[in-house]
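As a plain string of letters, each chain reads:
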Amino acid sequence: MKVKIIITPKKAVVDPQGKTVQVALEQMGHQGIKAVHVGKYLEIELDGTDREAARKALDEAAHRFLSNPVIEDYRLEIE
Amino acid sequence: MNFAVLQFPASNCDQDAIHAVRLLGHSARYVWHKEHSLGDADAVIVPGGFSYGDYLRCGAIARFSPVMQAVKQFAENGGLVLGVCNGFQVLTEAGLLPGALVRNRDLQFHCEHIFLKTVTPDSPFTGKIPPDKLLRVPIAHGEGCYFADAETLAKLRAGNQILWQYCDANGNLTDKANPNGSLRNIAGICNDRRNVAGLMPHPERACELALGSDDGKWIFESLFAALQNKATAKAA
């Protein structure tokens, strides 16, 4: 089983990396980019098949450790 | 007074902190991150550096080390804890201080001397700083932009928990004097009990004139005086 966790900066937090990437994309000629947010992506490989147990355990870990709720949001996908 | 200076893998200001405390006439010893006790420490310094390689987020992994559980207990019992640079990041990650430190707004690592205005003289970390004295101390960080949500910021202001703000040489809190984009030019704060503080600048690197400034000593002198007061009160 694989759990994917996507962590993004909260909207209220200034994201200078996202801003810089956006400017670079525009300089490359890409048009119509409204915003870029640079975050983190984690892939966690797990033993077992109990998806709900995995979701519960890793949701807790994502909230407590893998993300910082002061500055980041996360979402979790199970594969 | 006895200071405990924590050592995580990739701490790199631990020796500076030990040197500063000893230079100013007190004793200090290292406490390795795997230790479960702070011994007879009167105060704790969480030093600067790149604990655990800054993996995941600055301070995120250090927070779970055995020694940080001892620091939490120490703080809960009213012990004085000062976090410098990465130490400040560790204390916010550990929930001992509110808010978070994020990437500098210009994405650059800043290594320079800045000026600090002490906005709250009434704390164990600022009590001995001469009135109106601006502190010229170095910064060296890439992720020192202080962020907190509006509610937290309002609480910090109402509780006089903002200890230092970045200012220019004349004490003006300008945007230009803000090296990293911190909200309200915040350079350092304390908790509501006023026994845990953190700041991004490095007072321990500015305790003797040979290093270009000795203004940082006032923060240590404040700590020594606060500890002395505590000891006197306990003895009485």
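Our structure's up above, just so we're on the same page.
Just so you know, these numbers come straight off a predicted model, no measurement behind them.

Asks: Account for the interface of chain B and chain A, naming residues and giving values.
Replies: Taken residue by residue, the interface counts 15 residues in chain B and 15 residues in chain A. Considering only the surface of chain B that becomes buried against chain A, B:Leu56, B:Arg57 and B:Phe147 emerge as the three largest contributors, covering 41% of it. Among the salt bridges present, the one from A:Glu72 reaches B:Arg57, with a minimum N-O distance of 3.7 Å. Within the side of chain B that touches chain A, the residues separate by chemical class into eight nonpolar, two polar and five charged.

Asks: Describe unusual backbone geometry, listing the residues and the values that go with them.
Replies: Glycine aside, residues mostly have negative phi angles, and peptide bonds mostly take the trans form. All names here are of chain B. Phi is positive for Leu56, which is not a glycine, with a value near 70°. In this structure, Leu56 sits in the loop between strand 3 (43-46) and helix 2 (66-76). A relative accessible area of 22% places Leu56 in the partly exposed class.

Asks: A description of the environment of A:Ile33 should follow, citing residues and the corresponding values.
Replies: Looking at the element boundaries, A:Ile33 is found in the loop between helix 1 (16-27) and strand 2 (40-45). Residues A:Ile33 and A:Gln22 lie 11 residues apart in sequence; the distance between their C-alpha atoms is 7.1 Å.

Asks: Please give an account of the side chain of B:Arg194 that cites residues and values.
Replies: Residues and elements named next belong to chain B. With respect to the element layout, Arg194 can be found in the loop between strand 10 (186-190) and strand 11 (196-199). One buried charged residue, Arg194, remains without a salt bridge, the closest side chain of opposite sign being Asp122 at 4.8 Å. Discounting residues that sit within four places of it in the chain, Arg194 has contacts with Leu80, Thr120, Asp122, Ser123, Pro124, Phe125, Gly159, Asn160 and Gln161.

Asks: Describe the sheet that holds strand 1 (residues 2-9) of chain A, with residues and values.
Replies: In sheet architecture, strand pairing relies on hydrogen bonds along the backbone and comes in two forms, parallel and antiparallel. Residues and elements named next belong to chain A. Strand order in this open sheet of three strands is 2-1-3, and the pairing throughout is antiparallel. The two strands at the open ends of the sheet, each matched to only one other strand, are strand 2 and strand 3 (72-78). For this sheet, the mean angle separating the axes of adjacent strands, direction not counted, is 20°. Alignment of strand 1 against strand 2, held across six bridges, turns out to be antiparallel. Bridge pairing in strand 2 places Lys2 opposite Glu45.

Asks: Outline helix 3 (residues 86-93) of chain B, listing residues and values.
Replies: The element helix 3 of chain B is extensively covered by neighbouring structure, given that eight of its eight residues are classed as buried. The complete set of buried residues in helix 3 of chain B reads B:Asn86, B:Gly87, B:Phe88, B:Gln89, B:Val90, B:Leu91, B:Thr92 and B:Glu93.

Asks: Outline the pattern of salt bridges, listing residues and values.
Replies: Residues and elements named next belong to chain A. Tallying each qualifying case throughout the model produces 12 salt bridges over all chains. In this structure, Arg55 engages Glu52 in a salt bridge whose closest nitrogen and oxygen atoms are separated by 3.8 Å. Of this pair, Arg55 and Glu52 both sit in helix 2 (residues 51-66), separated by three residues, roughly a single helical turn. Residue class for Glu52 comes out exposed when judged on its relative accessible area of 54%.

Asks: Which residues make up helix 2 of chain B, and what values go with them?
Replies: All names here are of chain B. Among the residues of helix 2, those classed as buried are Val67, Met68, Ala70, Val71, Phe74 and Ala75. Relative to the axis of helix 2, the buried residues are bounded by an arc of 155° and lie together on one face. Turning to helix 2, the residues buried within the fold contact strand 1 (2-7), strand 2 (27-32), strand 3, strand 4 (80-84), helix 3 and strand 11. Note on helix 2: the residue one or two positions beyond its end, Gly78, has a positive phi of about 95°.

Asks: Would you mind going over the nonpolar core in detail, with residue names and values included?
Replies: Side chains that are nonpolar tend, in soluble globular proteins, to be buried together. Grouped together as the largest cluster of nonpolar side chains are 69 residues, with contacts concentrated most on B:Leu6, B:Leu38 and B:Trp164. Core analysis: the second largest hydrophobic core is formed by 10 residues, A:Ile44, A:Leu58, A:Leu66 and A:Leu76 among them.

Reading guide: rules and limits
- Residues numbered from 1 in each chain as written.
- Chains lettered and ligands numbered in written order.
- Predicted model: local features only at pLDDT ≥ 70, side-chain atom pairs only at ≥ 80, totals over all residues.
- Heavy atoms only, no water.
- Contact = heavy atoms within 4.5 Å.
- Buried area = accessible area lost by both parts, 1.4 Å probe.
- Salt bridge = Lys/Arg side-chain N within 4 Å of Asp/Glu carboxyl O.
- Nonpolar A, V, L, I, M, F, W, Y, C, P; charged D, E, K, R; others polar.
- Helix = DSSP H or I, 4+ residues; strand = E, 2+ residues; numbered from the N terminus.
- Buried < 20%, exposed > 50% of the residue type's maximum accessible area, 1.4 Å probe, protein only.
- Lys, Arg positive; Asp, Glu negative; His and termini not counted.
- Pairing = 2+ DSSP bridges.
- Axes fitted to C-alpha atoms, helices over the stretch in contact; angles between N-to-C directions.
- Arc of directions from axis to C-beta.
- Core = buried A, V, L, I, M, F, W, Y, C linked by side-chain atoms within 4.5 Å.

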